[in-house]
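Chain by chain, the residues run as shown.
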Amino acid sequence: MSEIENMKEYCLNCKNKPCQTGCPLSNDVPNFINANSMEDAIEILYNTTILSSICGRICPHGKQCQGKCTRNLTNKKPVSIGEVEAAIGDYALENNIPIPMEIDEKLINKKVAVVGGGPSGLVCSSFLARKGIKVTIYDKHEKLGGLLRYGIPDFRLPKEIVDKTIEKIVEQGIEVRTNQELNKDFTITELSDKYDAVVLAIGANIHSKAHIENEGSSNVYGANEMLESGNYPDFKGKKVAVLGGGNVAMDAARTIIRKNAKEVYIIYRRSEEQMPAEKEEIALAKEDGIKFLFLNNIISVEKERIKCIRTKLVEKEGESRPVPINIEGSEYDIPMDIVVLATGSQTDKNALENIELDDRGYIKIDENRKAILTNGSKSNIFAAGDVSGDKATVAFAARGGKDAAEEIIKYLK
Ligand SMILES: Cc1cc2nc3c(=O)[nH]c(=O)nc-3n(C[C@H](O)[C@H](O)[C@H](O)COP(=O)(O)OP(=O)(O)OC[C@H]3O[C@@H](n4cnc5c(N)ncnc54)[C@H](O)[C@@H]3O)c2cc1C
Ligand code: SF4
């Protein structure tokens, strides 16, 4: 029996659909799992998503749909929702099942520019194009995909899946302008004048500072930019420390070990239980031979060594989880050739001229996803995905893109 058939039997078809509430895109999980055919299943999924092959593979399902599955309570093992979604998505790609169109005559002369062709921009473009709106995607890279292509490593998300998914979206009649960078090749004002609406979906992939001594040294790299550019220093035979505890730290470490580094350490100031990375990713990193230093922090980078300090967790008023503090006098040195920082990421503020940012540095948007300008006014500019503070996962970025499309459709009518 195939995995889908197994899961059809295993799924309880719960009336209240807790799995659907756990999905950022509100995918109708029980209905696509229990559909009569793959064609019916993809039709159900296309109502809410166009990234099934991708989300099925890389969403943190344990924290989303599968985390809410009733089977956790009865058998301690959820329905493999991600696996089923990926299989249905792959079937649609392999059998060239097109994304359905729902042309709205009132919208066919409208033009929208989407800046950024990552998951939020792609999903927004697709839901706009579905209605017959003329969409143009501008992106600074040579190819579309954002972090799906220039971030998440190939060993987790095969690029042919990304290529085929994008092909299907572009087939909806979307114009693509690549190698076009905002505030270099064009401005927001130019687009705002030329198009009926503009969507800013440029992500937030500039690494955050770690505030350690000698952070600017030539042997210190930002994980985000390193993975995005694909430009790696020569790791062969080197000892490398990756600072951080999220999925970016895991991806960076696992990529670096594949580039023949001698030893790779992940240094994290909290405990393993508090690591934001997926449990599965942590386990895979361990399998790859990555070493973990929990409750440790780097305080300075020197030539061929780093100074670390041990930390402990303390309860602090107003904090939802224990806070790490340095243990005085516990400093020690470790020989290390290269340090890679994976301590969070932020938006490219230089690209966001005239756009108001919130106190975390994301685009300030109103309840209709309209960006607020620095003079306090609003225009025809909307925002979606990581740049507007959506929860930094593919599914949440996609949801932001879909919501922006819905708001733009209302605005254009
Ligand atoms: C290493 C890594 C691993 C991750 N792993 C996972 C995972 O396993 N699961 C998960 O759900 N999420 C993961 N994420 C998070 C996820 O990739 C992001 O939340 C998601 O890609 C955000 O989508 P976005 O469209 O907002 O931005 P992005 O994917 O960053 O796309 C932004 C697009 O805008 C373009 N752009 C940027 N600046 C400009 C400019 N000035 N002019 C024109 N174009 C511009 C970029 O080229 C890019 O195409 C990971 C992130 C990283 C960095
Ligand atoms: S919660 Fe689990 S068992 Fe219930 S419908 Fe959803 S996938 Fe099926």
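About the cut-offs
Throughout, residues of each chain are indexed from 1 in the direction in which the sequence is written. The naming scheme follows written order: chains are lettered A onward, ligands numbered 1 onward. Given that this is a predicted model, residues contribute local features only at a pLDDT of at least 70 and side-chain atom pairs are listed and counted only at 80 or more, while totals for whole chains, interfaces and linings are drawn from all residues. Calculated side-chain values reflect all of the structure's heavy atoms, with hydrogen atoms and water omitted. Here, nonpolar core means buried Ala, Val, Leu, Ile, Met, Phe, Trp, Tyr and Cys residues that are tied together by side-chain atoms lying within 4.5 Å of each other. The buried label applies to any residue whose accessible area, calculated with a 1.4 Å probe on protein chains only, is under 20% of its type's maximum; exposed applies above 50%, and partly exposed to all values in between. Secondary structure is summarised from DSSP: a helix means a run of H or I of at least four residues, a strand means a run of E of at least two, and numbering begins at the N terminus for each. These domain boundaries are the output of an automatic or database domain assignment. Contact between two residues is taken to exist if any of their heavy atoms lie within 4.5 Å; hydrogens are not considered. Nearness is defined per residue: one heavy atom within 4 Å of the molecule or strand is enough. When residues are grouped by polarity, Ala, Val, Leu, Ile, Met, Phe, Trp, Tyr, Cys and Pro land in nonpolar, Asp, Glu, Lys and Arg in charged, and all others, Gly among them, in polar. Throughout this description, a polar contact denotes any pair of N or O atoms lying within 3.5 Å of each other; where both atoms belong to protein, one of them has to be capable of donating a hydrogen while the other can accept it, and for residues adjacent in sequence the pair is counted only when both atoms sit in side chains. Working definition of accessibility: Shrake-Rupley area with a 1.4 Å probe, residue cover restricted to the visible protein chains. Here the buried area means the combined drop in accessible surface, using a 1.4 Å probe, for two parts upon being joined, counting both sides. Between Lys or Arg on one side and Asp or Glu on the other, a salt bridge is scored when a side-chain nitrogen of the former is within 4 Å of a carboxyl oxygen of the latter. When DSSP finds two or more bridges between a pair of strands, those strands are recorded as paired. Aromatic contacts are taken between Phe, Tyr and Trp rings whose centres are within 6.5 Å, Trp giving its six-membered ring; a plane angle under 30 degrees counts as stacked, one over 60 as edge-to-face, and the others as tilted.

**Q** Can you tell me about the nonpolar core, naming the residues and giving the values?
**A** With 63 residues, the main nonpolar core has Phe32, Val112, Leu128 and Ile408 as its most contacted residues. If you tally residues by element for this core, the top one is helix α15 (residues 394-412), at eight residues. Looking at which domains feed residues into this core, each of domain 1 (3-94) and domain 2 (105-202 + 352-412) gives three or more. If near-sequence neighbours (up to four positions away) are discounted, Leu128 is found in contact with Val112, Ile133, Val135, Ala405, Ile408 and Ile409.

**Q** Lay out the site of ligand 2 in plain terms, naming residues and giving numbers.
**A** Inspection of the region around ligand 2 gives Cys11, Leu12, Asn13, Cys14, Pro18, Cys19, Pro30, Cys69, Thr70, Val79 and Ile81 as its neighbouring residues. Each residue belonging to the shell around ligand 2 can be placed in one class, and the counts come to nine nonpolar, two polar and no charged.

**Q** Residues and numbers for the site of ligand 1, please.
**A** Inspection of the region around ligand 1 gives 33 residues, with Ser120, Asp139, Arg156, Leu182 and Asp386 positioned closest. A distance of 3.2 Å is found between a nitrogen atom of ligand 1 and a backbone nitrogen or oxygen belonging to Lys140. Look at ligand 1: alone it shows 1,000 Å² of surface, and the protein chains cover 95% of it. Among the secondary structure elements, those contributing two or more residues to the shell around ligand 1 are α9 (119-129), α13 (247-258) and α15. Built from parts of two domains, the shell around ligand 1 gets at least three residues from each of domain 2 (105-202 + 352-412) and domain 3 (210-344).

**Q** An account of the environment of Val340 is needed here, citing residue identities and associated values.
**A** Mapped onto the elements of the fold, Val340 is located in strand β14 (residues 338-341). When the C-alpha positions of Val340 and Met226 are compared, they lie 8.8 Å apart, and in sequence the two are 114 residues distant.

**Q** Hey, could you go over the domain arrangement of the chain for me, with residue numbers and the actual values?
**A** Split by domain assignment, the chain resolves into domain 1 (3-94), domain 2 (105-202 + 352-412) and domain 3 (210-344). Just the C-alpha atoms count here: the centres of domain 2 and domain 3 sit 32 Å apart. Contacts between the two partners involve eight residues from domain 2, matched on the other side by seven residues from domain 3. Both sides together, the interface formed by domain 2 and domain 3 hides about 670 Å², and carbon and sulfur atoms give 51% of it. Per-residue buried area on domain 2 facing domain 3 is highest for Tyr150, Phe155 and Arg156; these three make up 64% of the total on that side. For the interface between domain 2 and domain 3, the tally reads three salt bridges. Arg156 serves as the salt-bridge partner of Glu281, at 3.6 Å between the closest nitrogen and oxygen. Along the contact surface separating domain 2 from domain 3 lie two residue pairs in polar contact (both at pLDDT 80 or more).

**Q** So what about the pairing of strand β4 (residues 197-200)? Which residues, and what values?
**A** The alternating pattern of β4 places Ala197 and Val199 and Val198 and Leu200 on opposite faces, both of which are buried. Sheet topology note: the β4/strand β17 (residues 378-383) ladder contains three bridges and is parallel. Its bridge partner lying in β17, Val199 is registered against Phe382.

**Q** Describe the packing of aromatic side chains, with residues and values.
**A** This model, assessed by the stated rule, comprises four aromatic pairs. Judged by centre distance (4.9 Å) and plane angle (50°), the ring pair of Tyr138 and Phe186 falls under tilted. Taken together, the positions of Tyr138 in strand β2 (residues 134-138) and Phe186 in the loop between β3 (175-177) and α11 (188-194) put the pair 48 residues apart, joining distant regions of the chain. Measuring from ring centre to ring centre gives 6.3 Å for Tyr138 and Tyr195, while their planes differ by 90°; the resulting arrangement is edge-to-face.

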